[in-house]
Amino acid sequence: MALDRSQAPLSAPVTSIDLVKAESFILTNGVPVHVVRVAHQPVVKIELILKACKWNEPQNGVSYFASKMLSEGTRKRTAAQIADYIDGLGAFLDISSGIDQSSVSIYCLTKHFHPMVELLSELLYDSVFPQAELEIQKNIKTQSLKVDLEKNNVVASKIFREKLFGKNHPYGQTIAEKDIPSINSPLLQYYHQFNMLPEIELILSGDVPSDLKSLQKCFGSKSSTRPTPPIHIMPDPQKGQFVEERKEAVQSSLRIGCRMFTKRHPDYIPMMIVNEILGGYFGSRLMKNIREEKGFTYGISSSVVSLKHQGYWIIGTDVKKEYTQQTLDEIYKELHILCTVPVPADELETVRNYMAGSLLASINTPFALADKFKGVYFYGLNYKFYQDFLSTLYQITPEDIMRYSQKYFVRENLTEVIVGGMA
Amino acid sequence: MIQFEEFTLANGLQVFVHEDHSLPMAAVNLLYKVGSRDEREDKTGFAHLFEHLMFGGSKHIPSYDEPLQKVGGENNAFTSPDITNYYITLPSSNLETAFWLESDRMLSLNFDPEVLEVQRKVVIEEFKQRYLNQPYGDVWLKLRPHCYKVHPYRWATIGKDISHIEQATMEDVQSFFFTFYRPNNAILVVAGDVTLDQVKALSEKWFGPIEAGKAYKRNILQEPVQTEARLLEVEANVPLNAFYKAFHMPARGENAYYTADLLSDLLGRGKSSRLYDRLVKRDKVFNSISAFVTGSIDPGLLMINGNLNEGVDFAAAEKAVNEILEEVINQGIEEAELSKVKNQAEASLAFGEVELLNRAMNLAYAAFLGNPDLINQEADIIERITASEIQDMARKILVPSNCCTMYYHAKNK
């Protein structure tokens, strides 16, 4: 029998997903520890979660520098000795300071687990924030901010968040060069004492040893008082179009979107699906129209983003400058179609299977499994979220999709940022 | 240890199977032995443009992406100077869809003129987005022709000039396809929740009927040994002065490659490296600095790249870097430093094996180098490198006559 290459082979949808879950326990002082144990390779990630972040910093830049400085000197070691020790064992240190929380992660071979746990504890509890090292970090950040300001896409995202959440709200604020000179070591030490030490959590993933006694010794004895979390007033978003002209730019960076909600909102999962159809994957409507049919851009995408207290929805792209207006027109056209025409069954089937397959593909490493845990736990949700996601995915109808689109894709509510120019 | 089996179809397609049943997923990696080094000087950027065309529909299947998305799969591809690599991950129950799609576009593309027109525009926007509209985006467009005078590595994968992309014709597309996209010029790796028998049967069924192409004889002019130091100065609208040094070094397939790689690690990998510790931390000459290797199939480059602090001039920066290089050349390295870079390499290899797709890609690449077992031998090769071999390598390559330097000046605003 001749092979019929025009016929797709038989296939089956992904209907259930078997996720390795985190197991949690607490140290005697109440510090929570979450373990995702998958031992295929002899590697492990030790992640320390800090509640110190943009949300609770006394002035712009403090949480960024305080977390960066954790590896720049302790009572026992200088910055150079810390770097030597980590590199010497072939481990990697990654510090990221966030808006709602921050994290310090060490990736290492399992055989170095215990020394790296001890080091992490030293970085947290014994950091001394040397002023000389701080000056180096301040200089590095000042210079990299200058480079960032030359990147249209970075500037567009920054303006977009400012318009959405207000320049003075932690969600709308970004660190600027002018914030840096006043950062000093006493300020960071004070912040360390009162905001970094309390309410820590640990997440271990990979080939985690069964003997975890070193955790109790390193993280289980200190206690700290919980600070009162600050309250931030979020002003109304600024809607409409905002253009920053850049004459020398050959492309425009566009950002369009509005405030939405957090993961806890009942419309979050349906809107993830609606957004996927619009601009969430390579076969999305925006990609098909603006890249694959018109060739205006190398890429366009949209996403639903959940922060802890609020969320937003955003479309982003870089397009040939002269096509800026046409691209905007096409984006609004696609939004209008989603609001007025039911999604064809075939397209919905593609999106369903694609999203289910992506979920399966996104749990392919122990570290990714830990991310899945963090993605629910820190939003006050649990693993049921992923089951809910799958069942919504298979139940949502074209009419539902139209209804959600009408509810959230309201042109008058949108903020539109263009960095580059209209022609 | 990555276990694998291999077989070759009658048409020359090499197939490798790596089983891992821990998740119901499969990774399919198809490497074509063609990159920008195989291009003609007046048609650069073609291998990469072609990669885009591979998604524009094949002989029996009008769209590549959609049927794959419909079975829960994801795909992408990249082009380098040496290879064009296509990869898919999908639920293992739908493995056959990957065979169906990949084999049809190996059989023949649809050669739709409209696809060419649109992808030409997309690639031009990619050129702008990545290389022109970014600070320092054009660095490699400048560095390549500075370092290579003869070898096709002298142009970037995106192409030397937008006009080459603008001028590509359908005739070029077809001849490129039938020269390079043949089963005997490709390596297929199937990894994950699959079995050898299953992959054998699917390979025979879908790829077996594709005719072999004429064997391609690569005839690339190799770069002559550089005999004089080179300096290039350019100016652009960037906030900081940037400094680049490129040293010619051994090819990816040679054992000496690993020695040069460790040398680059101890010079500029991480905060404890010599360049960072001394020039960022202690002397505050640079704002950032690192060293790495390009790892190409033909002899590559050991790169040093850093941004200067304000108020530091290029001559001072260059002197500071050279002092560190001379120390390695004259005094060699310490045992502790050697064991550090070996431990870093060991950990990198272990972390590189965590993801299934990475294992599939690494296996395909090792097979392309002519030794698939290399993926399991690299750790030993690295372990055996001695401090004196690294010093010898430094003596051999970190010398002015082997070096291309670039000063990338920030225009005064």
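Residue positions within a chain follow its written sequence, with the count starting from 1. Each chain gets a letter, beginning with A, and each ligand a number, beginning with 1, in the order they are written. Predicted model: local features are reported for residues with pLDDT of at least 70 only, side-chain atom pairs are reported and counted for 80 or more only, and whole-chain, interface and lining totals are derived from all residues. The side-chain quantities take in all heavy atoms of the structure and omit both hydrogens and water.

Under an unreviewed UniProt entry, the name given to chain B is Pitrilysin family protein, and the source organism is Shiella aurantiaca.

An unreviewed UniProt entry lists chain A under the name Pitrilysin family protein, with Shiella aurantiaca given as the organism.

> Would you take a moment to explain the pattern of salt bridges for this structure?
If the charged atoms of two oppositely charged side chains come close together, the side chains can form a pair. Here a salt bridge means any side-chain nitrogen of Lys or Arg lying within 4 Å of a carboxyl oxygen belonging to Asp or Glu. Taken as a whole, this structure holds 53 salt bridges over all chains when the rule is applied. Put simply, lysine 54 of chain A and glutamate 57 of chain A hold a salt bridge, and the shortest N to O gap is 2.6 Å. Judged on exposure class, the residue lysine 54 of chain A and its partner glutamate 57 of chain A are both buried. Ionic pairing is found between glutamate 337 of chain B and arginine 274 of chain B, a salt bridge with its closest N-O pair at 2.6 Å. You can see glutamate 337 of chain B sitting in helix α12 (residues 335-352) and its partner arginine 274 of chain B sitting in helix α10 (residues 274-282), a full 63 residues away along the chain. Arginine 274 of chain B sits in the buried class, given a relative accessible area of 16%. Connected via shared salt-bridge partners are Lys45, Glu47, Asp371 and Lys374 of chain A. Between buried and exposed lies partly exposed: a residue is buried under 20% and exposed over 50% of the maximum accessible area for its type, with that area taken using a 1.4 Å probe on protein chains only. Secondary structure elements follow DSSP: runs of H or I no shorter than four residues count as helices, runs of E no shorter than two count as strands, and numbering proceeds from the N terminus.

> Whenever I open this one, the domain arrangement of chain A confuses me. Can you help?
Interfaces are often sized by the amount of accessible area the parts lose when they come together. Residues and elements named next belong to chain A. Those domain boundaries reflect an automatic or database domain assignment. Here chain A is described as being made up of domain 1 (23-219) and domain 2 (240-420). Using only C-alpha atoms to locate each centre, domain 1 and domain 2 end up separated by 30 Å. A per-residue breakdown of the area domain 1 buries against domain 2 is headed by Asn152, Phe160 and Leu164, which together make up 23% of the total. Counting across the interface, domain 1 meets domain 2 through 1 salt bridge. Across the pair lysine 374 and glutamate 47 runs a salt bridge whose closest N-O atoms are separated by 2.9 Å. Going through the elements one at a time, β2 (32-37), β3 (43-50), α5 (152-165) and β6 (201-206) are the ones with two or more residues in the side of domain 1 that touches domain 2. Here's the idea: put two parts together, see how much 1.4 Å probe accessible area each one loses, and the total over both is what we call buried area.

> What's the story with the interface of chain B and chain A in this structure? I'm lost.
Contacts between the two partners involve 71 residues from chain B, matched on the other side by 72 residues from chain A. The junction of chain B with chain A conceals about 6000 Å² of combined surface from both sides, 57% of it contributed by carbon and sulfur atoms. At the surface where chain B touches chain A, the tally comes to 7 salt bridges. Here glutamate 72 of chain A makes a salt bridge to lysine 271 of chain B, at a shortest N to O gap of 2.5 Å. Distance and chemistry together define a polar contact, namely a pair of N or O atoms within 3.5 Å, with one atom able to donate a hydrogen and the other to accept it when in protein, and with adjacent residues in sequence counting only for side-chain atoms on both sides. Across the contact surface, chain B and chain A share 30 residue pairs in polar contact (both at pLDDT 80 or more). Note on definitions: a residue-residue contact is assigned when non-hydrogen atoms from the two residues lie within 4.5 Å.

> Help me understand the nonpolar core, please; the structure alone is not making it clear to me.
For soluble globular proteins, nonpolar side chains are generally found buried alongside one another. Residue and element names in this part refer to chain B. One finds Leu263, Leu267, Phe286, Leu302, Leu398 and Tyr408 to be the most contacted residues of the largest nonpolar core, which totals 91 residues. Among the elements that make up this core, the one with the highest residue count is helix α13 (residues 356-368) (10 residues). Setting aside residues no more than four positions away along its own chain, leucine 302 makes contact with Lys245, Ala246, Phe247, Met249, Ala260, Leu263, Ser264, Leu267, Phe292, Val293, Ile397 and Leu398. In these notes, a set of buried Ala, Val, Leu, Ile, Met, Phe, Trp, Tyr and Cys residues joined through side-chain atoms within 4.5 Å is what counts as a nonpolar core.

> Help me understand helix α9 (residues 255-268) of chain B in this model?
Three- or four-residue spacings in an α-helix give side chains the same orientation, since the helix completes a turn every 3.6 residues. To estimate how far a helix should reach, multiply one less than its number of residues by 1.5 Å. A rise of 1.5 Å per residue sets the reference length of α9 of chain B, with its 14 residues, at 20 Å; its end C-alpha atoms lie 21 Å apart and thus fit the reference within 8%. Residues of α9 of chain B that are buried: Tyr257, Tyr258, Thr259, Ala260, Leu262, Leu263, Ser264, Asp265, Leu266, Leu267 and Gly268 of chain B.

> I tried to follow the environment of leucine 31 of chain B on my own but got confused; where do I start?
All names here are of chain B. Topologically, leucine 31 is positioned in strand β3 (residues 25-32). Taking the C-alpha atoms as reference, leucine 31 lies 14 Å from valine 17; in sequence the two are 14 residues apart. Residues in contact with leucine 31, not counting those within four places in the same chain, are Ile83, Thr84, Asn85, Asn185, Ala186, Ile187, Ala364, Tyr365 and Phe368.

> Mind showing me how you'd approach unusual backbone geometry here?
Residues other than glycine predominantly adopt negative phi, and peptide bonds predominantly adopt the trans conformation. Here the phi dihedral of phenylalanine 129 of chain A falls at roughly 50°; this positive angle occurs in a residue that is not glycine. Phi angles above zero are rare outside glycine, and phenylalanine 111 of chain B is one such case at about 50°. With respect to the helices and strands, phenylalanine 111 of chain B occurs in the loop between α3 (95-107) and α4 (113-132). For phenylalanine 111 of chain B, a relative accessible area of 15% corresponds to the buried category.

> Help me out: how do you make sense of the domain arrangement of chain B in this one?
Residue and element names in this part refer to chain B. Split into domains, chain B comes out as domain 1 (5-206) and domain 2 (230-410). Taken together, the contacts link 34 residues of domain 1 with 35 residues of domain 2. For the pairing of domain 1 and domain 2, the buried interface totals around 2900 Å² over both sides, and the portion due to carbon and sulfur atoms is 75%. Looking at the side of domain 1 facing domain 2, the largest losses of area belong to Tyr136, His146 and Cys147, adding up to 23% of the total buried there.

> Please explain the UniProt feature "domain: Peptidase M16 N-terminal" (unreviewed entry) in chain A as it appears in this structure.
UniProt positions are given in the numbering used here, feature names are shortened, and annotations may be inferred rather than shown by experiment. Sequence positions flagged by UniProt for "domain: Peptidase M16 N-terminal" (unreviewed entry) are, in local numbering, residues 42-159 of chain A. With 48% helix and 19% strand, residues 42-159 of chain A has end C-alpha atoms that lie 44 Å from one another.

> Help me understand the environment of leucine 204 of chain A, please; the structure alone is not making it clear to me.
Residues and elements named next belong to chain A. Position of leucine 204 relative to the elements: it lies in strand β6. Since its relative accessible area comes to 0%, leucine 204 is described here as buried. In the structure, leucine 204 is positioned 157 residues away from glutamate 47 in sequence and 6.2 Å away in space, judged by C-alpha atoms. Apart from the residues within four sequence positions on either side, leucine 204 is in contact with Val33, His34, Val35, Val36, Lys45, Ile46, Phe113, Leu212 and Leu215.

> When you look at empty space enclosed by the protein in this model, what are you seeing that I'm missing?
Of the grid points, spaced at 1 Å and generated over the protein atoms alone, those admitting a 1.4 Å probe that cannot get out make up cavities, while open sets with protein on both sides within 12 Å along at least five of seven lines make up pockets; any residue with an atom within 4 Å of a point is treated as lining. Grid points are joined across faces, edges and corners, and a volume is the space filled by probe spheres set on the points. Enumeration over the complete set of coordinates arrives at 3 cavities of 30 Å³ or more. Roughly 70 Å³ of volume is contained in the largest cavity. Lining the largest cavity, in full, are Leu53, Gly57, Leu109, Asn110, Phe111, Asp112, Val115, Leu116, Met170 and Val173 of chain B. Any residue outside Ala, Val, Leu, Ile, Met, Phe, Trp, Tyr, Cys, Pro, Asp, Glu, Lys and Arg is labelled polar, Gly included; the first ten of those are nonpolar and the last four are charged. Partitioned by chemical class, the residues of the lining of the largest cavity number 7 nonpolar, 2 polar and 1 charged. Looking at the second largest cavity, its volume works out to about 40 Å³. Surrounding the second largest cavity, Val38, Ala39, His40, Gln41, Val43, Gly206, Asp207 and Pro366 of chain A together with Val354 of chain B form its lining. A breakdown of the residues in the lining of the second largest cavity according to their chemical character gives 5 nonpolar, 3 polar and 1 charged.

> Hey, could you run me through the packing of helix α4 (residues 131-149) of chain A against α10 of chain B in this one?
Two quantities define a packed helix pair, namely the angle between the helix axes and the distance between the axes. Axis lines are fitted through C-alpha atoms, for helices just across the contact stretch, and the angle between N-to-C directions can take any value from 0 to 180 degrees. Put simply, α4 of chain A and α10 of chain B touch, their axes get as near as 10 Å, and they point 90° apart. When the axes of α4 of chain A and α10 of chain B are compared, the pair comes out roughly perpendicular. Where α4 of chain A approaches α10 of chain B, its residues Glu133, Ile136, Gln137 and Ile140 of chain A are matched on the opposing element by Tyr276, Val280 and Lys281 of chain B. Put simply, angles under 35 degrees are roughly parallel, angles over 145 are roughly antiparallel, angles from 65 to 115 are roughly perpendicular, and the rest are oblique.

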